[in-house]
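The residues making up each chain are set out below.
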Amino acid sequence: MIYVEKRPLIKLILCILILVLLAAVVLSATFGAAHISFLDAIRIMVSKIPLIGRFIPTDGLDSSHVMIVLNLRLPRIILSALVGAALAVVGAALQGMFKNPMADPYVMGISSGASLGAAIAIVAGLEYTFSGIGFITIFAFIGSILTIALIYNIARVGSKIPPTTLLLAGIAINCMLLSLVSVIMVFNRNQVEKIVFWTMGSVSAASWNQIAFLFPLVFTGIVVILLFSRDLNLMSAGDETAKSLGTEVEKVKKILIAICSLLVAASVSVSGAIGFVGLIIPHAVRLLSGSDHRSLLPFSAVGGAIFMVVCDTISRSAAAPAEIPVGAVTSILGSPYFIYLLYTNKKKVLN
Amino acid sequence: MNRKEIITINKLSSAYGKHKILDDINLTIYEGGIYGIIGPNGSGKTTLLKNIARCLVPKKNSIHLADKDITQFSNRSLAKEISYVPQNTDLEFEFSVMDMVLMGRSPYIKRLQSESSYDIEVAERAMKATNTWHLRDKNINMVSGGERQRAIIARALAQETNIMLLDEPVSQLDLHHQLEIMDILKRLAIEDKVTVIMSIHDLNIAAQFCDRLVLMNNGKIFKDGIANDIIKEDIIYSVYGVRAIVMKNPVTGTPHLIPYGNQSDVHRKSSGD
């Protein structure tokens, strides 16, 4: 069947996935020290939705439970969903654009820039917040944007951006910046733990302010990337093919790299470095959605959100009251899949 | 002969860095028929095709399509005039053969639209013409080399262009599939009046199927004309350095080349004595 014929089925599966995401959000809100039932969690959340909320009876709900769900758990869940969606869509777009199934937002070295920015802010003791967003976040964002600009300019050949030079420049800069972070840690031993935890990734500092910062970026970013899905299909057949089929390849690449970078920078600046989401989610959802980016990208967004919500729930409840950095959880779950991927690829090569 | 000029190439040069690949190419291509670009490895065949396809951007006013400078076209409008089948056609991800052929309709589909029933009809016609219709649901990475090449030609066909460029479409295929592809291209040129421009290594197939040959050497056009004027013993020797005899193909009447020795063999013999 061709894509157009499969579309009704694909839409149905996507709707089911969205329901799964909503269920995961509610379920995740019931996990934690305070016991809150599934139904109560739904009532608390739905009562805050404009228009519909008025019809939900809120009597009998423990006000401390309302506070815990709305101010502690929900921001964290929504933030991890946003980060997961952004990273997975960026991963899918980069893999298509670079015709490389191993491309990943972190290969581009953006996260190390964020880590360096965050490390500097931590060491400098910039604990203040600026309209609700911490200076660490702001420094991480600036750090990643500067890193992208640097990598882009190293990799650029004339007006073109060859994927190999971009990935290699990303790897080199990644190494350099992470070494700088290590040096900073050596000279500031009392802050090591904080820096390490930041670089391992966590959404524990989530707040509604961060969501207000991240949501518009992630939403518009994903919509714009979706507009280029057909171009991404053509580009995954090679730049020359895409060009001869009418895509303005270099222009599209620049737009997509800019948007992807912005999305990753915004995500890592609130969550720290979270690996493997951008790499494995597109591969995992490809089994359901097929390779067509018109379905792959929305599936990745929802799949990434589900995966991150689940991982963050594990990270805060598996060893409660201690917290496992969510970046460690995604990597522990992600690397076996990555190895499985290598293994099947190896088989393909041998055959 | 009073055919319409469809592509005019005027003083075209092309270089990778300082290394000059094409040097002062002048060529007029008329509507209809198959043009075979032949020549040794590194003579600039692919670079010439890439310039016409604008995968490499030529200098202003060096290539004209009808009367319009090729650099004036947007990629989308050029994709409605020229289709291009590159030499390496890997798809990293898994698409069905028909989805791949439908990509050929891209220049006609707006950003938020999807393929119309007309697009599907065109793709179906292209696939039937290339004998790939039965493969429509197969994964493009799972079909044989010949089937894949036919599917990619179907994609180019679905673009509904007047000009089709192909970079060595038969060099990786066995004898049977070589002839199959050439037959398809011949039918396109005759029935659909598509101007086919292809680079090709096999001189005998080129002589048999191409209406006109363009022989390239060291980035220049050595000679162009009909097969009988190009496939000649002295010309082949001076371009390829190969000693050969040229006979007449008893079935098709086209020149047939039988190589029997290399320039270097001669050297080896004289130094060995």
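Residues numbered from 1 in each chain as written. Chains lettered and ligands numbered in written order. Predicted model: local features only at pLDDT ≥ 70, side-chain atom pairs only at ≥ 80, totals over all residues.

(A) Molecular detail of the overall build of chain B. When helices and strands are counted, chain B shows 10 helices and 12 strands. Since a compact globule built from 273 residues should have a radius of gyration of about 19 Å, the 20 Å found for chain B is in line with a globular shape. Along the first, second and third principal axes, the C-alpha set of chain B runs to 70 × 40 × 40 Å. Residues counted as buried form 43% of the 273 residues belonging to chain B. Considering only intrachain contacts with a sequence separation of at least 6, the fraction spanning at least 24 residues in chain B is 63%. (Helix = DSSP H or I, 4+ residues; strand = E, 2+ residues; numbered from the N terminus. Rg over C-alpha atoms; globule rule 2.2 N^0.38 Å. Buried ≥ 20, exposed ≤ 12 C-beta atoms within 10 Å, placed from the backbone. Contact = placed C-beta atoms within 7 Å.)

(B) Structural view of the sheet that holds strand E5 (residues 68-69) of chain B. Residue and element names in this part refer to chain B. Strand order in the open sheet formed by 4 strands is E2-E1-E4-E5, and the pairing between neighbours is antiparallel. Each edge of the sheet is formed by a strand with only one pairing partner; in this case those strands are strand E2 (19-30) and E5. Of the strand pairs in this sheet, strand E4 (residues 63-65) and E5 are connected by 2 bridges, and their pairing is antiparallel. In the strand pairing of E5, Leu65 is matched with Lys68. (Pairing = 2+ DSSP bridges.)

(C) Focus on the pairing of strand E1 (residues 5-16) of chain B. All names here are of chain B. Pairing of E1 with E2 involves 8 bridges; the strand directions are antiparallel. The residue of E2 that forms the bridge with Leu12 is Ile25. Joining the antiparallel neighbours E1 and E2 is a turn of 2 residues, in which Gly17 adopts a positive phi near 65°. By the bridge criterion, 3 bridges tie E1 to E4 in an arrangement that is antiparallel. Bridging from a neighbouring strand, Thr8 pairs with His64 of E4.

(D) Molecular detail of the interface of chain A and chain B. Between chain A and chain B, the contact holds 23 residues from the first and 26 residues from the second. Among the elements of the structure, helix H1 (3-30), helix H9 (229-235) and helix H10 (239-244) of chain A are those that each provide at least two residues to the side of chain A that touches chain B. A per-element tally of the side of chain A that touches chain B places H10(A) first, with 4 residues. For the side of chain A that touches chain B, the residue count by class is 9 nonpolar, 8 polar and 6 charged. (Nonpolar A, V, L, I, M, F, W, Y, C, P; charged D, E, K, R; others polar.)

(E) Focus on the sheet that holds strand E3 (residues 34-38) of chain B. All names here are of chain B. Spatial strand order, E6-E7-E8-E3-E9-E10: 6 strands in an open sheet with mixed pairing. Each edge of the open sheet carries a strand with a single partner, namely strand E6 (82-85) and strand E10 (220-225). When the angles between neighbouring strand axes are averaged without regard to direction, this sheet yields 15°. Inspection of the sheet shows E3 paired to strand E8 (residues 195-199) by 4 bridges, in the parallel sense. Bridging from a neighbouring strand, Tyr35 pairs with Ile197 of E8. (Axes fitted to C-alpha atoms, helices over the stretch in contact; angles between N-to-C directions.)

(F) Here's a closer look at the nonpolar core. Ranked by size, the top nonpolar core spans 181 residues in total, and within it A:Ala85, A:Val89, A:Ala93, B:Val101, B:Leu165, B:Val196 and B:Ile197 carry the most contacts. Sequence-distant contacts of B:Ile197, defined by excluding residues within four places in its chain, comprise B:Ile29, B:Tyr35, B:Ile37, B:Leu49, B:Ile52, B:Ile163 and B:Leu165. (Core = buried A, V, L, I, M, F, W, Y, C linked by C-beta atoms within 7 Å.)

(G) Inspection of the confidence of the model for chain A at higher detail. Residues of chain A with pLDDT of at least 70 account for 96%, and the chain-wide mean is 86. Here strand E1 (residues 129-130) of chain A is the element of chain A with the lowest mean pLDDT, 64, and helix H13 (residues 293-317) of chain A is the one with the highest, 94. (pLDDT = per-residue confidence, 0-100.)

(H) Layout of the packing of helix H3 (residues 63-97) of chain A against H13(A). All names here are of chain A. For the pair H3 and H13, interaxial distance at closest approach is 7 Å and the crossing angle is 140°. In terms of orientation, H3 and H13 fall into the oblique class. Seen from above, H3 lies across H13 with right-handed handedness. Facing Arg76, Ile77, Ser80, Ala81, Val83, Gly84, Ala85, Leu87, Ala88, Val89, Ala92 and Gly96 of H3, the residues of H13 in contact are His293, Leu296, Leu297, Ser300, Ala301, Gly303, Gly304, Ala305, Phe307, Met308, Val309 and Asp312. Class assignment for the residues of the contact of H3 with H13 results in 15 nonpolar, 7 polar and 2 charged. (Parallel < 35°, antiparallel > 145°, perpendicular 65-115°, else oblique. Left-handed = near helix turned anticlockwise from the far one by under 90°.)

(I) Up close: unusual backbone geometry. Residues and elements named next belong to chain B. Of note in the backbone geometry, Ala66 takes a positive phi value of approximately 55° without being a glycine. Judged by the 12 C-beta atoms lying within 10 Å of it, Ala66 falls in the exposed class. The phi angle at Glu160 is positive, at roughly 50°, despite the residue not being glycine.

(J) Highlighting the pairing of E6(B). Residue and element names in this part refer to chain B. Residues of E6 alternate between two faces, with Ile82 and Tyr84 on one and Ser83 and Val85 on the opposite face, all of them buried. Where E6 meets strand E7 (residues 163-167), 4 bridges bridge the pair, whose relative direction is parallel. Directly across from Ile82, in E7, lies its bridge partner Ile163.

(K) Region of the structure containing H3(A). Residue and element names in this part refer to chain A. With 35 residues, H3 extends 49 Å between its outermost C-alpha atoms, agreeing within 8% with the 51 Å of an ideal straight helix rising 1.5 Å per residue. The buried fraction of H3 is high, at 25 of 35 residues. A positive phi of about 55° marks Lys99, the residue just after H3. (Expected span 1.5 Å × (residues − 1).)

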